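Coordinate analysis (summary)
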Amino acid sequence: MTRFIAVDWGTTNRRAFVIENGAVVATERDDRGASSVTQGDYPAEVEGLRARLGDLPMLLAGMVGSTIGWRDAGYAAAPAGLEALAAKLHRIDERTAIVPGLCYRDGAHADVMRGEEVQLLGAVAAGSVPADALLCQPGTHCKWARVEGNEVASFTTAMTGELFALLRTHSILRHQLGGEVAPGDAFLSGVGEGARRDLAASLFAIRARAVLGGEADATAFASGLLIGADVAARIAPGETVHILADPALGALYGAAIAALGGSSRLVDSHAAFVAGITRIQDLAR
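All of the points below concern the structure found in this document. As the structure is a prediction and not an experimental result, all values here were calculated from the model.

**A few points about the overall build of the protein chain**
Of the regular secondary structure elements, the protein chain holds nine helices and 14 strands. Taken against the 2.2 N^0.38 rule, which gives 19 Å for 285 residues, the C-alpha radius of gyration of the protein chain at 20 Å falls within 12% of a compact globule. C-alpha atoms of the protein chain, sized along the principal axes, occupy 65 × 40 × 35 Å. Here the protein chain, with 285 residues, has 47% of them falling under the buried criterion. For the protein chain, restricting intrachain contacts to residue pairs at least 6 apart in sequence, the fraction spanning at least 24 positions comes to 61%. Positive and negative side-chain charges in the protein chain, numbering 25 and 32 respectively, have mean positions lying 2 Å apart.

**Some words on the packing of helix 7 (residues 218-232) against helix 8 (residues 247-259)**
Remark: helix 7 packs on helix 8, axes separated minimally by 10 Å, with the N-to-C direction vectors making an angle of 60°. Judged on the interaxial angle alone, helix 8 and helix 7 are oblique. Of the two possible hands of crossing, helix 7 and helix 8 adopt the one that is right-handed. Taken together, the residues of helix 8 that come into contact with helix 7 (itself represented by Ser 223, Ile 227, Asp 230 and Val 231) are Leu 252, Tyr 253, Ala 256 and Ile 257.

**Some details on a nonpolar patch on the surface**
A surface patch of nonpolar side chains, about 260 Å² in accessible area, is lined by Met 159, Leu 163 and Leu 166. Within the element layout of this structure, Leu 163 appears in helix 4 (residues 160-170).

**Notes on the pattern of salt bridges**
Using the criterion set out here, one finds ten salt bridges in the structure. Two residues, Arg 14 and Asp 30, come together in a salt bridge whose shortest N-O distance is 2.7 Å. Linking Arg 14 in strand 2 (residues 14-20) with Asp 30 in strand 3 (residues 23-30), this pair joins segments that are 16 residues apart in sequence. Classification of Arg 14 as buried rests on a relative accessible area of 3%. Residue Arg 114 is joined to Asp 72 by a salt bridge in which the shortest nitrogen-to-oxygen separation is 3.8 Å. Linking Arg 114 in the loop between strand 9 (109-113) and helix 3 (116-125) with Asp 72 in the loop between strand 4 (58-62) and strand 5 (75-77), this pair joins segments that are 42 residues apart in sequence. Classification of Arg 114 as buried rests on a relative accessible area of 8%.

**Considerations on the side chain of Asp 8**
Relative to the assigned elements, Asp 8 resides in strand 1 (residues 3-9). Of the buried charged residues, Asp 8 lacks a salt bridge, with Arg 15 as the closest side chain of opposite charge at 7.6 Å. Looking at Asp 8, its side chain comes within polar contact range of the side chain of Gln 119, at 3.5 Å. Leaving out residues up to four positions away in the same chain, Asp 8 has contacts with Asn 13, Arg 14, Arg 15, Ala 61, Gln 119 and Phe 273.

**Thoughts on unusual backbone geometry**
Between Ala 78 and Pro 79 the backbone carries a cis peptide bond, its omega angle lying at 5°. In this fold, Pro 79 is placed in the loop between strand 5 and helix 2 (82-87). Look at Asn 21: it is not a glycine, yet its phi comes out positive at around 50°. Along the chain, Asn 21 turns up in the loop between strand 2 and strand 3. In this structure, Asn 150 takes a positive phi of about 70° despite not being glycine.

**Let's talk about the nonpolar core**
Most often, soluble globular proteins keep nonpolar side chains buried together rather than apart. Leu 59, Leu 85, Val 99, Leu 102, Phe 155, Ile 277 and Ile 280 are the most contacted members of the largest nonpolar core, which has 37 residues in total. The residues contacting Ile 277, other than those within four sequence positions of it, are Phe 4, Ala 6, Ile 19, Leu 59, Ala 61, Val 99 and Val 118.

**Some remarks on the sheet that holds strand 9**
Read from one edge of the open sheet, three strands run 5-8-9, paired in mixed fashion. For this open sheet the edge positions go to strand 5 and strand 9, each flanked by a neighbour on one side alone. For this sheet, the mean inter-axis angle between neighbouring strands, taken without regard to orientation, is 25°. For strand 5 and strand 8 (residues 101-106), the ladder comprises three bridges, and the chain directions are parallel. When the bridges of strand 8 are listed, Tyr 75 appears paired with Gly 101.

**Focus on the state of the cysteines**
Within the structure shown, the criterion is met by zero disulfides. Sulfur of Cys 103: no disulfide; nearest cysteine sulfur belongs to Cys 142 and is 20 Å away. Free of any disulfide, Cys 142 has its nearest cysteine sulfur in Cys 136, 3.6 Å distant. Exposure remark for Cys 142: the relative accessible area of 0% places this residue in the buried category.

Cut-offs and rules
Numbering of residues starts from 1 in every chain and runs along the sequence as written. Given that the model is predicted, a residue must reach a pLDDT of at least 70 before its local features are reported, and side-chain atom pairs must reach 80 or more before they are shown or counted; all residues, however, enter totals for whole chains, interfaces and linings. Working from all heavy atoms in the structure, the side-chain values ignore hydrogens and water. Working definition: helices are DSSP H or I runs of at least four residues, strands are E runs of at least two. Numbering for both runs from the N terminus. Note on method: radius of gyration uses C-alpha positions; expected globular size equals 2.2 Å times residues raised to 0.38. Using a 1.4 Å probe on the protein chains alone, a residue whose accessible area is under 20% of its type maximum counts as buried, one over 50% counts as exposed, and one in between counts as partly exposed. Whether two residues are in contact is decided by their heavy atoms, any of which lying within 4.5 Å being enough. Positive: Lys, Arg. Negative: Asp, Glu. His and the chain ends are not part of the count. Think of each charge as sitting on NZ of Lys, CZ of Arg, CG of Asp or CD of Glu. Each axis is a line fitted through C-alpha atoms, and for a helix only the stretch in contact is used; angles between axes span 0 to 180 degrees, taken between their N-to-C directions. An angle below 35 degrees is read as roughly parallel, one above 145 as roughly antiparallel, one from 65 to 115 as roughly perpendicular, and any other as oblique. Rotating anticlockwise by less than a right angle from the far helix to the near helix defines a left-handed crossing, while the corresponding clockwise rotation defines a right-handed one. Distance thresholds for patches are 9 Å for like charges and 5 Å for nonpolar side chains (Val, Leu, Ile, Met, Phe, Trp, Tyr), applied to residues having over 30% relative accessible area and no salt bridge. The accessible surface values rely on the Shrake-Rupley method and a 1.4 Å probe; as for residues, cover is taken only from the protein chains in view. Put simply, a salt bridge is a Lys or Arg side-chain nitrogen that is within 4 Å of an Asp or Glu carboxyl oxygen. A 3.5 Å cut-off defines polar contacts: any pair of N or O atoms within that distance qualifies, except that in protein one atom must be a possible hydrogen donor and the other a possible acceptor, and neighbouring residues in sequence count only when both atoms are side-chain atoms. In this text, buried Ala, Val, Leu, Ile, Met, Phe, Trp, Tyr and Cys residues form a nonpolar core when linked through side-chain atoms within 4.5 Å. Should DSSP find at least two bridges between two strands, the strands are taken to pair. The disulfide criterion is simple: two cysteine sulfur atoms within 2.5 Å.

Structural data, given as structure tokens:
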């Protein structure tokens, strides 16, 4: 029997799972992400998790292993699979370890991820995604990863979600972008505009239309504009994208992918994390 605690420790939130023989038997989620925990607080935080969830081995992933986390766990270089991550675990003690992130270089292009690698590779390990596929993990920093032969071969990060948040809170468009986003006509109109990728001009046009009489659903249009530009840069016509996201965000990306000639499948990101972290634990034993 294998029983351990796995923690997906992000910047804002933290989710802990008790995993027994590959199945989740207990879980908790809170807002004790890396941005709210100082380096000296981590031993007490880990002790608290064990007090609530059991005195078990613990495997941590995500921003806990970054320069703003507990320890810098470094990176495994892509192409890399779960075996490479398991081989580079950063050991805190004999029962506590941190999963490294992934890095990628292609000439002048450089990229990093930390935490997403467990979900991406876990989706492949669980059989939810083929061994050779294009995966998308939307969010503040959207990850696009090519997997080949069960390894992440290359990946790109787009600041799509962060740009949208900045536009809504700090730009000249903030008064127009207070609505909700749904994959309707305004969103799809933005996707088509974004695919042409003249973002700077298209964004200002939202402001101009407001001055000249308004635009229905400017928020959805702006979201479609950014997501459309992101998707258009990543997919080929007819390509299938495996999306690891919650249903609402996954629906937006799925609608954009379909509008631009592709198809998509939504993958359970929590199940993917559990599959990935369990495989890493097994490989490290």
